[in-house]
Amino acid sequence: MSVLWILFVCSLVVLPGIALLAFRWAMRQGEFRHLEKTALSIFDDDEPVGQTTDCFPGGQRGKKPAPTRPPNPISRPRLPEA
Amino acid sequence: MNAASPSILAALSPSDNEELAQRRAVLAEIDASCRGPLLFLFSGSIIWLLVGTVFALLASLKLHNPEYLANYSWLTFGRVRPAHLNAVIYGFASEAAIGVTLWLMCRLCRTPLLFGWIINAAGVFWNLGVTIGVVAILAGDSTGIEWLEIPPYATPILFVSYALIAVWGVITFRFRREKHLYVSQWYLLAALFWFPWIYSAAQILLVLDPVRGTVQAAVNWWFAHNVLGLWFTPIGLASIYYFIPKVLGKPVYNYSLSVLGFWSLALFYNWNGMHHLVGGPMPAWLITVSIVASVMMTIPVITVGINHHLTMWGSFRELKTSPVLRFMVFGGMSYTLTSLHGIALALRSVSEVTHFTHSTIAHSHQGMYAFFTMVMFGAIYYIMPRVLQVDWPSARLIRVHFWAVAIGILLYVFPLIVGGTLEGMAMTNPDVPFVDAVKPSVVSLTLPYLKTRSYSGMLIFLGHLAFAISFGWIVLRWAQAGRLARLKTSLARV
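This is a predicted model, so every value here is computed, not measured. (Residues numbered from 1 in each chain as written. Chains lettered and ligands numbered in written order. Predicted model: local features only at pLDDT ≥ 70, side-chain atom pairs only at ≥ 80, totals over all residues. Heavy atoms only, no water.)

1. A closer look at the environment of Leu158(B)
Its place among the elements puts Leu158(B) in helix α6 (residues 155-174). Discounting chain neighbours no more than four positions away, the residues touching Leu158(B) are Trp126(B), Gly129(B), Val130(B), Ile150(B) and Tyr199(B). (Helix = DSSP H or I, 4+ residues; strand = E, 2+ residues; numbered from the N terminus. Contact = heavy atoms within 4.5 Å.)

Next up, the structure:
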């Protein structure tokens, strides 16, 4: 059963340990400081918030969806300066 | 190699490199840079998908029709089933996952694909490794260890190929031009790091220098469960977190929750595998720890579920117009369902009944197919037109694909969960015989469910054919468009 302890340490201690180290790195990098900005980081001027980017072939792409609830207060993502 | 690629040496220490100071790349530029490697990886994965589905159908038919093709040793159940598993897991799913990861990494880092040749070399080695592995399994050379059947002479090829991809991932990450790390990137980076860890640990402990006794089972299930949870799940979730907001043009419902979801998965998931050994000759505390960790998975599952479903809330009409969204939402809903079901299956009282039944198979297909594969289909539908700059040729083929695989997998999973549970209840009941010519037995009870599975498999195969035709057609269209454009420029010159 001594192998079991190697396995136990390898998988159950080292892996979460590395995850904790990565978490500390992220904390220090300030990754958790501007969460809402990060959520917007996938949008830009080419593909802004409020514009759909997919449809069946032959349909109209980039149509604005009909507003079903009050529009998002943040209308445009703020891009980091180039 | 891309003209903008820095040298590998510069890539190792990019800190004082002028590349970093460059603007974020334009999306179209990023998409175009991914074209070659993605075409290669996706073509490979679709071929493996068809091959794997044929093996799956054979295996399924043999379960209720044992004489079918029984006189060919290469096509016996014991070889066809692992051939199916390895073809779809390593051939189809991993290759598609690698392709989608590349594209997402490039887009999220805002950098064009650097060192395309690393990826192409990795792709060639990966396909070579899987081909040798699957042929070896059919020839009777399987290791006999579930999820690791590929014999030891093929695995190093897979590992080298994988290492190339992981190195590429690290380089791309270091050259990122985007300040913020989006949640998808966390998942992708983690998956790139976790897979080699679990794969090499399991290979060493099970194949190269095998441990003895029941510990083998422990290592085996630690690996098999983590392939799902630490390799496929993160890539699937990364895709959903990117594509649903992207397609809707709407940021994710609650970003802080997504961060919580990622870190709780990173901390708890790895402990889950032992719940497959409930009732086995293992230290009880080990299994209990695993069950506790499985129940703790409710935190990441619920946070991810809230985010996916509430981002969709109010936008369901988009499902009518967007094929990508259909696949993604189907995958997201399946993820919530399959995870909650899995948590229930980990409990001792439930496992007692469902263990060693078809219910487990239904559960794994719900995770690997209804969640992961559907998400990969959606991602490929989004990526290909952008990479090739050509639209999908036929909306009808996409609809056929979606409905065939969606109905097919529902018809697969739910009857089989019911059938497996009934099977388990019959097996724990001493009055029901296992096989009997006259009386109802465990075998006769499961037969209708097994037949349903074969029918659903045929439906799924039909969907895959539609997908493969679509894919071949769009590549053809792209080739023709390129030829036309070249013809036009040469005519203009004349």
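2. Considering helix α10 (residues 284-296) of chain B
Residues and elements named next belong to chain B. Counted at 1.5 Å a residue, the expected span for α10 with its 13 residues is 18 Å, and the 18 Å between its end C-alpha atoms agrees. Taken as a whole, α10 has its buried residues at Leu 286, Ile 287, Ser 290, Ile 291, Ala 293 and Ser 294. Down the axis of α10, the smallest arc covering the buried residues is 160 degrees, so these residues share one side. (Expected span 1.5 Å × (residues − 1). Buried < 20%, exposed > 50% of the residue type's maximum accessible area, 1.4 Å probe, protein only. Arc of directions from axis to C-beta.)

3. Some words on the interface of chain B and chain A
On the side of chain A, 53 residues touch chain B, which itself brings 63 residues to the contact. Counting the surface chain B buries against chain A, the share from its top three residues, His180(B), Pro251(B) and Trp263(B), is 11%. Connecting chain B to chain A are three salt bridges. Between Glu47(A) and Arg107(B) there is a salt bridge whose closest N-O contact spans 3.5 Å. For the pair chain B and chain A, the number of links is twelve residue pairs in polar contact (both at pLDDT 80 or more). Ranked by residue count, the leading element in the side of chain B that touches chain A is helix α8 (residues 214-248) of chain B, at eleven residues. Grouping the amino acids of the side of chain B that touches chain A by side-chain chemistry returns 39 nonpolar, nine polar and 15 charged. (Buried area = accessible area lost by both parts, 1.4 Å probe. Salt bridge = Lys/Arg side-chain N within 4 Å of Asp/Glu carboxyl O. Polar contact = N/O pair within 3.5 Å; in protein donor to acceptor, adjacent residues only side chain to side chain. Nonpolar A, V, L, I, M, F, W, Y, C, P; charged D, E, K, R; others polar.)

4. Focus on the packing of helix α15 (residues 358-388) of chain B against helix α17 (residues 442-493) of chain B
Residues and elements named next belong to chain B. Running from N to C, α15 and α17 cross one another at 10 degrees; their axes reach a closest spacing of 12 Å. One finds that α15 runs roughly parallel with respect to α17. Of the two elements, α15 crosses α17, and the hand of that crossing is left-handed. Residue-level inspection shows His 358, Ile 361, Tyr 369, Phe 377, Ile 380, Tyr 381, Met 384, Pro 385 and Leu 388 of α15 in contact with α17, the latter providing Thr 446, Leu 450, Arg 453, Ile 460, His 464, Phe 467, Phe 471, Ile 474, Val 475 and Trp 478. (Axes fitted to C-alpha atoms, helices over the stretch in contact; angles between N-to-C directions. Parallel < 35°, antiparallel > 145°, perpendicular 65-115°, else oblique. Left-handed = near helix turned anticlockwise from the far one by under 90°.)

5. Focus on the nonpolar core
Residues and elements named next belong to chain B. In terms of nonpolar packing, the biggest core is built from 172 residues, with Tyr 90, Trp 103 and Phe 223 touching the most fellow members. No other element matches the 22 residues that α8 contributes to this core. With residues up to four places along the chain from it excluded, the contact list for Trp 103 reads Asp 31, Cys 34, Leu 38, Tyr 242, Phe 243, Tyr 382, Ile 383 and Val 387. (Core = buried A, V, L, I, M, F, W, Y, C linked by side-chain atoms within 4.5 Å.)

6. Observations concerning the confidence of the model for chain A
Residues with a pLDDT of 70 or more make up 63% of chain A, whose mean pLDDT is 71. Long-range and interchain partners of residues 63-79 of chain A, a stretch whose pLDDT sits below 50, account for 23 contacts in this model, where long-range means more than four residues apart. (pLDDT = per-residue confidence, 0-100.)

7. A word on unusual backbone geometry
All names here are of chain B. Residue Arg 110 is not a glycine yet carries a positive backbone phi of 60 degrees. On the secondary structure map, Arg 110 appears in the loop between α4 (77-109) and α5 (116-138). In this structure, Trp 147 takes a positive phi of about 75 degrees despite not being glycine. When you line up the elements, Trp 147 lands in the loop between α5 and α6.

8. Things to note about the state of the cysteines
In a disulfide, the sulfur atoms of two cysteines are covalently bonded to one another. Residues and elements named next belong to chain B. Taken as a whole and assessed by the stated rule, the structure comprises zero disulfides over all chains. There is no disulfide at Cys 109, and the cysteine sulfur nearest it, in Cys 106, is 7.3 Å away. For Cys 109, a relative accessible area of 0% translates into the label buried. (Disulfide = S-S within 2.5 Å.)

9. Considering the packing of aromatic side chains
Under the counting rule described, the total for this entry stands at 36 aromatic pairs over all chains. Aromatic side chains Phe402(B) and Trp403(B) sit 5.1 Å apart centroid to centroid with 80 degrees between the ring planes, which places their arrangement in the edge-to-face category. Judged by relative accessible area, Phe402(B) falls into the buried class, the value being 8%. An aromatic cluster of three or more residues is present, and its members are Phe92(B), Phe327(B), Phe330(B), Tyr369(B), Phe377(B), Tyr381(B), Trp392(B), Phe402(B), Trp403(B) and Phe467(B). Here Arg386(B) stacks its cationic end above the ring of Tyr382(B), 3.7 Å away from the centre of that ring. One residue, Arg399(B), lies across the ring of Phe56(A), its end atom 4.2 Å from the ring centre. (Phe/Tyr/Trp six-rings, centres within 6.5 Å; stacked < 30°, edge-to-face > 60°. Lys NZ or Arg CZ within 6 Å of the ring centre and 35° of its normal.)

10. Considering α6(B)
Over its 20 residues, α6(B) extends 29 Å from the first C-alpha to the last, a length consistent with the 28 Å expected when each residue adds 1.5 Å. For α6(B), the complete set of buried residues consists of Thr155(B), Ile157(B), Leu158(B), Ser161(B), Tyr162(B), Ile165(B), Ala166(B), Trp168(B), Gly169(B), Ile171(B), Thr172(B) and Phe173(B).

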